[in-house]
Amino acid sequence: MKNREITEKDLKYNWHPCTQMKDHEFLPIIPIKKAKGVWLEDFEGNKFIDAISSWWVNIFGHSNEYINEKIKTQLNRLEHVIFAGFTHEGAVNLGERLCKLTGFDKVFYADNGSSAVEVAIKMAFHYWKNKNKTKPLFLSLKNSYHGETIGALSVGDVGLYKDTYKEILIKNITIDIPKDQSEEEAFRALKKAREVFEKHHKEISSLIIEPLVQCAGYMKMHSPIFIKGLRELCDEFDILMIADEIAVGFGRTGSMFACEQAGIKPDFMCLSKGLTGGYLPLSVVLTTDKIYMAFYCDYTELKAFLHSHSYTANPLAIAAANAVLDIFEDEKWVKEDGKWYSVLERNKKLSKYIWDNVQKFKNLPNVKEIRQTGMITAIEMIDYPWQERKGLKVYEYGLKNGVLLRPLGNVIYFMPPYVISYGEIDKMLDTAYEGIKSIER
């Protein structure tokens, strides 16, 4: 089958998210036939390095043999069962493992990242209501993104996604973010945050943050000091804290979870994306016994948290998630230079290699800044007017040269699967470099 034939059908029947539909009149949709490791392959044999992990979900490579086998085994045993009054072995095991890994006490299963955020903000509001307090406001960071369902949009701050729906969103206020990753900027932003806490704390149910990196917010990055300071403010003013680690969890920032680098524990942690290695939709909200007990009651009190999805804790997705944790626990995951490395140990090597090799981007006149946190590296081009869409030109250049680079405005970023080789990193970076270089100022 030819790409063009499939593309025409795709345009006719399928509505593609996060894109300008008319773009596909000149930028064909690429149908993928198969994938292995970091490589995607279309129906004509063209291959592309998946430099963005297919929207940040695929951490151990496409068609990972270990994850494949665990899903196949589960498929032959149990594909799905209602998760109300019933449970299954995989869900119990995953819940126990996640709590042990994070120090939380309870797990609430949902379907995807946006759903996890919905659960967390509803639960935070409901918690205070069960404590006979009504706190109708939510607090989030400027430039933040937490998903595209109504509640998640409400606590986000990327106008491109939420401005259209502002009349139907729930109440939210935002606080300034640090301008960079320095300690000075962290303290400046915390000083301004205190003013908001002092003024509105009696009305605020919770603060939701993306720790260390605002991924959809053009990969803006900040210091762990900022996260620690926000936790202290939440404690001081009796506000619950939600850590949205959907994109930054599972090794993306250099540690298993970003909050670890700040030495803090939020009241809720939302996880998804890498949780299943990019295989199937699944998310969790981790929380504490303190939160749980506010909902524990007799039926007549009507304090229970009522939120459910038909595919809650789907056994196939759970099997993938348990396989992902198995891989993280393997201290002999890969052998290089005669030494065995775990996932996080090798990631440190990879991130250093990427950082060392992106320094050349500083020499390009149309590059404004480079920045990195763990396995997330961003190249910000100069502030072109959005209509010029220079990032789109880099995207097109990448596709023509075998690399999937999906920019965020003027920001080209790298979030590859952890199985990427050094040679594949070289191709990824060189292609981006030449793509940016080809753009005239």
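Before going into details, it helps to say that this report is about the structure given with it. (Residues numbered from 1 in each chain as written. Predicted model: local features only at pLDDT ≥ 70, side-chain atom pairs only at ≥ 80, totals over all residues. Heavy atoms only, no water.)

### Here we look at the pattern of salt bridges
Side-chain pairing between opposite charges can occur once the charged atoms of the two side chains come close. The tally for this structure, following the rule as stated, stands at 23 salt bridges. With a closest N to O distance of 2.8 Å, Asp235 and Arg231 form a salt bridge. In this pair, Asp235 and Arg231 are both assigned in helix H9 (residues 224–237), four residues apart and thus about one turn of the helix distant. Classification of Asp235 by relative accessible area gives exposed; the value is 52%. Note that Lys360 and Asp430 form a salt bridge whose closest N and O atoms lie 2.5 Å from each other. Pair noted here: Lys360 is in the loop between helix H13 (343–358) and strand E15 (367–373) and Asp430 is in helix H15 (residues 422–437), with a separation of 70 residues, a long-range link. (Salt bridge = Lys/Arg side-chain N within 4 Å of Asp/Glu carboxyl O. Helix = DSSP H or I, 4+ residues; strand = E, 2+ residues; numbered from the N terminus. Buried < 20%, exposed > 50% of the residue type's maximum accessible area, 1.4 Å probe, protein only.)

### Section: the sheet that holds strand E7 (residues 204–209)
One open sheet holds the seven strands; their spatial order is E4-E12-E11-E10-E7-E5-E6, and the pairing between them is mixed. For this open sheet the edge positions go to strand E4 (106–110) and strand E6 (172–175), each flanked by a neighbour on one side alone. Looking at each pair of strands side by side, their axes are set apart by 20° on average, direction ignored. Alignment of strand E5 (residues 137–141) against E7, held across four bridges, turns out to be parallel. Paired with Phe138 across the bridge in E7 is Ser206. Across the sheet, H9 is in contact with E5, E6, E7 and strand E10 (240–244); its angle to E10 comes to roughly 150°. (Pairing = 2+ DSSP bridges. Axes fitted to C-alpha atoms, helices over the stretch in contact; angles between N-to-C directions. Contact = heavy atoms within 4.5 Å.)

### Thoughts on H9
Under the 1.5 Å per step criterion, the end-to-end length of H9 is 20 Å for 14 residues, consistent within 8% with the ideal 20 Å. When we look at burial in H9, the residues that qualify are Phe226, Ile227, Gly229, Leu230, Arg231, Leu233, Cys234 and Phe237. Contact partners of the buried residues in H9: E5, E6, helix H8 (183–200), E7, E10 and helix H10 (259–262). Its side-chain oxygen placed 3.0 Å from the backbone nitrogen of Ile225, Ser223 serves as the N-cap of H9. Phi for Asp238, located one or two positions after H9, is positive at around 55°. (Expected span 1.5 Å × (residues − 1). Polar contact = N/O pair within 3.5 Å; in protein donor to acceptor, adjacent residues only side chain to side chain.)

### Examining the sheet that holds strand E18 (residues 411–414)
Pairing within the open sheet is antiparallel, and its three strands lie in the order E15-E16-E18. Each end of this open sheet is capped by a strand with a single partner; those strands are E15 and E18. Averaged over all neighbouring strand pairs, the angle between strand axes comes to 15°, with direction disregarded. As paired strands, E15 and strand E16 (residues 376–381) are joined by six bridges and run antiparallel to one another.

### Side note on the packing of helix H4 (residues 89–102) against helix H12 (residues 315–329)
Viewed as axis vectors pointing N to C, H4 and H12 meet at an angle of 40°, and their least axial separation amounts to 9 Å. Considered as vectors, H4 and H12 are oriented oblique to each other. Considering how the two elements wind past one another, H4 and H12 form a crossing that is left-handed. The residues of H12 that touch H4, namely those facing Gly90, Ala91, Asn93, Leu94, Arg97, Leu98 and Leu101, are Ile318, Ala321, Asn322, Leu325, Asp326 and Glu329. For the contact of H4 with H12, the residue count by class is seven nonpolar, three polar and three charged. (Parallel < 35°, antiparallel > 145°, perpendicular 65-115°, else oblique. Left-handed = near helix turned anticlockwise from the far one by under 90°. Nonpolar A, V, L, I, M, F, W, Y, C, P; charged D, E, K, R; others polar.)

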